[in-house]
Amino acid sequence: HRRELNQILNSARLSEAAAIKKERAAEVLKHEELGAKKSAIEIEEKINSARERKENGIAEQVERLSAKVNDKMRRGAESFNEKQKEAIGKAKDVDDKLQLADNRRKNMIRE
């Protein structure tokens, strides 16, 4: 009878030890899951941060290119305006020369 009680007691102890091990394993698993979730969140944050840096870098490149294009357009407009002024000046010179030639012709006809 005592032997049966010892076996029952040992069985109860083994069951209790198994339950404790199961509890510990569940807790370890829970911590691992939390760690994995935390790692996944950190990875996602790093990805988002990298994406944001990339987008900012692209925006900066676009701004630089836009500034270059604007500068080239401004310089082109300035050059065009200068050439236009030169052409107007030359046209006036030609007009003045034509006027002088016409006046000379008229004077020659009178004489």
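Relevant structure appears above.
These figures come from a predicted structure and were not determined experimentally.

1. Side note on the overall build of the chain
Along its length, the chain carries one helix and zero strands. Compactness check: the chain gives a C-alpha radius of gyration of 47 Å against a globular reference of 13 Å for 111 residues, more than 25% above the reference. Summarising its shape, the C-alpha atoms of the chain cover approximately 160 × 10 × 5 Å along the three principal directions. Per-residue burial over the chain gives 0% buried out of 111 residues. Of the roughly 10800 Å² that the chain leaves accessible, carbon and sulfur atoms contribute 55%. Of the charged side chains in the chain, 27 are positive and 22 negative, and the gap between their average positions amounts to 3 Å.

2. Things to note about the pattern of salt bridges
Scanning the model with the defined rule gives five salt bridges in all. One salt bridge connects Asp71 with Arg75, and the closest N-O pair in it is separated by 3.1 Å. Of the two residues, Asp71 and Arg75 are both situated in helix H1 (residues 2-110); the distance of four residues between them amounts to about one turn of the helix. Judged by its relative accessible area of 44%, Arg75 is partly exposed. Through salt bridges that share partners, Asp71, Arg74, Arg75 and Glu78 make up one connected network.

Rules and cut-offs
Residues numbered from 1 in each chain as written. Predicted model: local features only at pLDDT ≥ 70, side-chain atom pairs only at ≥ 80, totals over all residues. Heavy atoms only, no water. Helix = DSSP H or I, 4+ residues; strand = E, 2+ residues; numbered from the N terminus. Rg over C-alpha atoms; globule rule 2.2 N^0.38 Å. Buried < 20%, exposed > 50% of the residue type's maximum accessible area, 1.4 Å probe, protein only. Areas by Shrake-Rupley, 256 points an atom, 1.4 Å probe, with all protein chains shown as cover. Lys, Arg positive; Asp, Glu negative; His and termini not counted. Charge placed at Lys NZ, Arg CZ, Asp CG, Glu CD. Salt bridge = Lys/Arg side-chain N within 4 Å of Asp/Glu carboxyl O.

Any functional reading would require information that these geometric values do not contain.
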